[in-house]
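Breakdown of the fold
Next come the chains, spelled out residue by residue.
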Amino acid sequence: MSTLSPTLKPSKVSDPLQLIDVDHVQFYVGNAKQAAFFYAHCFGFQIEQVCDLTTGNRDAAHYLLTQGNIRFILTSPLSPEHHAAMEIAMYGDGVKDVAFTVFDAEAAYERAVKNGAMSAYEPRVYKDDRGTVTMAGIRSYGRVCHTFVSRTGEYDLTKVKQGGLFMPRFKRLDGGSCEPAAGCAPQSGVGSSILEINEYNKKNPCGLKYVDHLVGNVELGKMNYWVKWYEDVLEFKMFKHFDDADISTEFSALMSKVMASGNHLIKMPINEPAHGKKKSQVQEYLDWHCNTPGVQHLALRTDDELHSISTLRSRGVDFLMLPEAYYEKVWDRVNGMLKQHGHEAVKEDHRKIRDLGILVDADDEGYLLQLFTKPLQDRPTLFFEIICRRGSQSFGKGNFKALFEALEMEQGKRGNL
Ligand code: FE2
């Protein structure tokens, strides 16, 4: 089954918190122009649109990067007064906002606030002759916000996916597929390097389709507080939970509960550190994130794990290395589980999976393939997971032990264990 777009058809338009899609994920970064090239070169994103001094925005630069149904907004402040400036100084580069497309951003915001959310900012309407984009934000854990976005006219998300402008004051950088009009044609002064990398990425896709899940790290003792917050405020439901018996090694541990939106458009596991002989990876994250909760990883979905990992490796992405011994036991464990539940064995070439260092896990519904990058910036904070699901809706519980031993090795190298 194709996973080109997880966008769901509306079932309850009367529900203001009905999510239509992940509108975008916004990152605050020190230098959006350079970060755009990193995500384009290493992960195959199109550097599609920009909103900056050249489009009349004098306080920040925003780059829209796209791949499949993934939209990243990379934001850099242009002055020390911009609120992103202090955040970047404190936390480094990372995820600021996980924005959801809804039918009516103002109604979603009002409902969330009525449900107990703290406002990040009140509804704002961005409007021109093409249409409107309405945004309103609430605060989640730590530095993270959720913005509700509703769109009309040429700014409808379906049009944005086809290459239309993201919102007023954005311009295309690659001349793409939207009709030539003011602010839409490629601008003079666009570096040929952007055109070249975009063209290369079209011809050499990495196959990333959409955000499968997005994991937050919160402080010790705060996981249940945020689980209840997602239940109360966004009306999510608990999907799965793992305790320190599931996610521990001899030395370190964490606990995790997975929250899902009503239509399972997005799943948001929430981790807290658990006590172990040495430092939990969640505590390492918090230590390097000003002891403030934030997004630990984004899992990006692919239909072809082997192709995606092999392409990303050839582009220079650094992945976690697992001990060779992992592959001595994995096939008995995974294929045994699949057989027990009447599923076909893992169809991908087992040798290639091992050569590419990919992890495999199975449950009663099927299997999944996954692999985790090393941190995407100097601080040991945000990383990506590349995941392919063949029936399994889980998160790789069978890999936790091997994975956390690999993570401990990395923590040890950083002097943080
Ligand atoms: Fe994950």
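Higher on the page you've got the structure.
What this report covers is the structure whose coordinates are included nearby. Every value quoted in this text rests on a predicted model; they were computed, and no experiment measured them.

Analysis parameters
- Residues numbered from 1 in each chain as written.
- Predicted model: local features only at pLDDT ≥ 70, side-chain atom pairs only at ≥ 80, totals over all residues.
- Heavy atoms only, no water.
- Helix = DSSP H or I, 4+ residues; strand = E, 2+ residues; numbered from the N terminus.
- Buried < 20%, exposed > 50% of the residue type's maximum accessible area, 1.4 Å probe, protein only.
- Contact = heavy atoms within 4.5 Å.
- Areas by Shrake-Rupley, 256 points an atom, 1.4 Å probe, with all protein chains shown as cover.
- 1 Å grid on protein atoms, 1.4 Å probe; cavity = no way out; pocket = protein on both sides within 12 Å on 5 of 7 lines; lining within 4 Å.
- Points joined across faces, edges and corners; volume = space filled by probe spheres on them.
- Nonpolar A, V, L, I, M, F, W, Y, C, P; charged D, E, K, R; others polar.
- Salt bridge = Lys/Arg side-chain N within 4 Å of Asp/Glu carboxyl O.
- Axes fitted to C-alpha atoms, helices over the stretch in contact; angles between N-to-C directions.
- Parallel < 35°, antiparallel > 145°, perpendicular 65-115°, else oblique.
- Left-handed = near helix turned anticlockwise from the far one by under 90°.
- Core = buried A, V, L, I, M, F, W, Y, C linked by side-chain atoms within 4.5 Å.
- Domains from an automatic or database assignment.
- Pairing = 2+ DSSP bridges.
- Polar contact = N/O pair within 3.5 Å; in protein donor to acceptor, adjacent residues only side chain to side chain.

1. Quick word on the overall build of the protein
When helices and strands are tallied, the protein shows 11 helices and 17 strands. Considering the protein as a whole, with its 417 residues, one finds that 57% of them fall into the buried category. Within the protein, contacts between residues at least 6 apart in sequence are counted, and of these 67% link residues at least 24 apart. Entry remark: accessible area of the protein is about 17800 Å², with carbon and sulfur atoms responsible for 51%.

2. Some details on empty space enclosed by the protein
With the rule as written, the count across this model stands at 4 cavities of 30 Å³ or more. As a volume, the largest cavity reaches approximately 410 Å³. Among the elements of the structure, strand S10 (208-217), strand S12 (253-260), strand S13 (267-274), helix H7 (281-287), strand S14 (294-302), strand S17 (383-390) and helix H11 (400-413) are those that each provide at least two residues to the lining of the largest cavity. Looking at the lining of the largest cavity element by element, the count peaks at 6 residues for H11. Grouping the constituent residues of the lining of the largest cavity by class yields 17 nonpolar, 10 polar and 5 charged.

3. With respect to the pattern of salt bridges
Inspection of every chain in the model, using the stated rule, returns 17 salt bridges. The shortest N-O distance in the salt bridge between Arg 301 and Asp 212 comes to 2.7 Å. Note that Arg 301 is positioned in strand S14 and Asp 212 in strand S10, a separation of 89 residues in sequence. Here Arg 301 and Asp 212 have matching classes, each one buried. Across the pair Glu 284 and Arg 414 runs a salt bridge, and its minimum N-O distance is 2.9 Å. Of this pair, Glu 284 sits in helix H7 while Arg 414 sits in the segment after H11, placing them 130 residues apart in sequence. In this structure Glu 284 comes out as buried when scored by relative accessible area, which is 3%. What emerges from the salt-bridge pattern is a single network uniting Asp 21, Arg 71 and Lys 161.

4. Describing the packing of helix H1 (residues 32-43) against helix H5 (residues 192-203)
Between H1 and H5, the least distance of the axes is 10 Å, while the angle of their chain directions is 25°. Judged on the interaxial angle alone, H5 and H1 are roughly parallel. Along this stretch, H1 crosses H5, giving a crossing that reads as left-handed. Contacts between H1 and H5 involve Phe 37, Ala 40 and His 41 from the former and Ser 193, Ile 194, Ile 197 and Asn 201 from the latter. Class assignment for the residues of the contact of H1 with H5 results in 4 nonpolar, 3 polar and no charged.

5. Quick look at the nonpolar core
Within the largest apolar cluster, 100 residues are counted, with the highest numbers of intra-cluster contacts made by Phe 27, Tyr 39, Tyr 63, Phe 72, Leu 74, Phe 148 and Leu 234. At 7 residues, the largest contribution of residues to this core is made by H1. Here this core spans two domains, and each of domain 1 (21-203) and domain 2 (208-414) adds at least three residues to it. Not counting residues up to four positions away in its chain, the partners in contact with Leu 234 are Leu 17, Phe 100, Ile 138, His 146, Phe 148 and Trp 229.

6. Describing the sheet that holds strand S6 (residues 118-128)
Reading across from one edge, S6-S7-S8-S5-S1-S4-S3-S2-S9 is the order of the 9 strands in this open sheet, with mixed pairing throughout. Each of the sheet's edge strands pairs with one partner strand only, and the pair in question is S6 and strand S9 (171-172). Pairing between strand S1 (residues 21-28) and strand S5 (residues 94-101): 7 bridges, direction antiparallel. Note on S5: the bridge partner recorded for Phe 27 is Val 95. Strands in contact with H1 are S1, strand S2 (46-51), strand S3 (60-67) and strand S4 (70-77); relative to S3, the strand with the most contacts, it is inclined by about 10°. In this fold helix H3 (residues 105-114) packs onto S6, strand S7 (131-139) and strand S8 (145-151), with an angle of close to 10° to the strand it touches most, S7.

7. Brief notes about the environment of Arg 151
In this structure, Arg 151 sits in strand S8. Sequence separation between Arg 151 and Asp 104 is 47 residues; the distance between their C-alpha atoms is 8.3 Å. Beyond its immediate chain neighbours, meaning those up to four positions away, Arg 151 contacts Asp 23, Thr 132, Val 133, Asp 156, Leu 157, Val 160 and Phe 166. There is a polar contact of 3.0 Å between the side chain of Arg 151 and the backbone oxygen of Tyr 155. A polar contact is formed between the side chain of Arg 151 and the backbone oxygen of Phe 166, at a distance of 2.8 Å.

8. Description of the layout of surface pockets
In this model, the largest pocket occupies a volume close to 690 Å³. The wall of the largest pocket is formed by 26 residues, among which Gln 26, His 62, Arg 124, Tyr 126 and Met 135 lie closest to the centre. Looking at the lining of the largest pocket, the elements that each hand over two or more residues are S1, S3, S4, S5, S6 and S8. Top contributing element to the lining of the largest pocket by residue count: S6, with 4 residues. Here the lining of the largest pocket is built from residues that sort into 13 nonpolar, 8 polar and 5 charged.

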